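Here is what each chain is made of, one letter per residue.
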Amino acid sequence: MTAKIINGKDIAAKKKIEIAQEVKQLKAKGVTPGLAVILVGNNHASRTYVTNKQKTCEELGMYSILIEMPEETTEEELLTKIKGLNGDTKIHGILVQLPLPKQIDEKKVIEAIAPEKDVDGFHPINIGRMLTGQNAFLPCTPYGIMVLLEESGISLSGKHAVVVGRSNIVGKPVGQLLLNHNATVTYCHSKTKDLPFHTKQADILIAAVGIPNFITAEHVKEGAVVIDVGINRNEEGKLCGDVAFNEVSEIAGFITPVPKGVGPMTITMLMYNTVQSAKQSIE
Ligand code: NAD
């Protein structure tokens, strides 16, 4: 069997057309969706992510500002900056690029963002709303995965989904969203015993581990849907996921590649959330 490829780049492109249309409609009503991105310090990868986010805003006709703060920024300075953006009517989404320098408490920063502008979906209020099935900003990568599954016509109700990884930004929330869509969910993590025993039962397998080629053919059931969240570099410095693509795609029914899989959906859902926030600001 050779798996069908879930092309995240194409699905993201389709979603971006819809988002650009919504931006146009909002502008006609006098509101331009605005995203503020705060970058603290000199993390090279963070700078690349931030630049991509700004470029996408521009591409979709949205307003964006980048606030750069030095490595030695204090927690108080950052919190003051966020407070200012919470009250800025031109800004509908606030994103603080993680990781932050060690003198700053990430949790305090996330909690300082007004929940109605928390387009990353990391604020405990949004997480709690998601958990209880209420209207919330959903974290962008998990949300992007749900859109990939939906756009690929994959039904979730009654399916067994196995999530490998339990981070607050990917593993935990994607499992919760799958549960909200009536999947039976198993979480696996670094302390799980006999990982292949669990993953082999998955109709839908989500790999969010951060180890190149971690999920191999022995972990996958014939015909399973395999979603590879990992963004890693292999020994040759080439971008790769958590899944050994060549061997797993021989067994799986559907698979996301890396690149052009989950990655392009993350920024797309960030834009989507920002536009929804702008919409809510005039409702
Ligand atoms: P993380 O390091 O916070 O979490 C990794 C998880 O993997 C942990 O919960 C841990 O328990 C689990 N794990 C580690 N070793 C394991 C093992 N031997 N067996 C089973 N589980 C194990 O990482 P994260 O932030 O969730 O990111 C995971 C991967 O996804 C990384 O490669 C990251 O770069 C990528 N990522 C991609 C996107 C995207 O937009 N595509 C977004 C966020 C993260």
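Residues numbered from 1 in each chain as written. Predicted model: local features only at pLDDT ≥ 70, side-chain atom pairs only at ≥ 80, totals over all residues. Heavy atoms only, no water.

### Points about the sheet that holds strand β2 (residues 34-40)
To keep things clear, this is the line we draw: Being paired, for any two strands, means DSSP has found at least two bridges between them. Working definition: helices are DSSP H or I runs of at least four residues, strands are E runs of at least two. Numbering for both runs from the N terminus. Between N-to-C directions, angles cover 0 to 180 degrees, with each direction set by a line fitted to C-alpha atoms, over the stretch in contact for helices. Contacts between residues were defined by any pair of non-hydrogen atoms, one from each residue, lying within 4.5 Å.
Taken together, three strands build an open sheet; the order of strands is β3-β2-β4 and the sheet is parallel. Each edge of the open sheet is held by one strand with a lone partner, namely β3 (63-69) and β4 (93-96). Averaged over neighbouring strand pairs, the angle between their axes works out to 15 degrees when direction is ignored. By the bridge criterion, seven bridges tie β2 to β3 in an arrangement that is parallel. Following the sheet pairing, Ile38 is matched in β3 by Ile67. The sheet strands contacting helix α2 (residues 44-59) are β2, β3 and β4, and the helix crosses β3 at an angle near 160 degrees.

### Brief notes about the environment of Ile82
Our working rule: For every residue, the accessible area (1.4 Å probe, protein chains only) is compared with the maximum for its type, and the residue is labelled buried under 20%, exposed over 50%, or partly exposed between those bounds.
With respect to the element layout, Ile82 can be found in helix α3 (residues 75-86). Look at Ile82 and you get buried, because its relative accessible area is 0%. Considered as a pair, Ile82 and Ala112 are 30 residues apart in the sequence and their alpha carbons are 6.8 Å apart. When neighbours within four sequence positions are excluded, Ile82 is seen to be in contact with Ile38, Ile94, Val96, Val109, Ala112 and Ile113.

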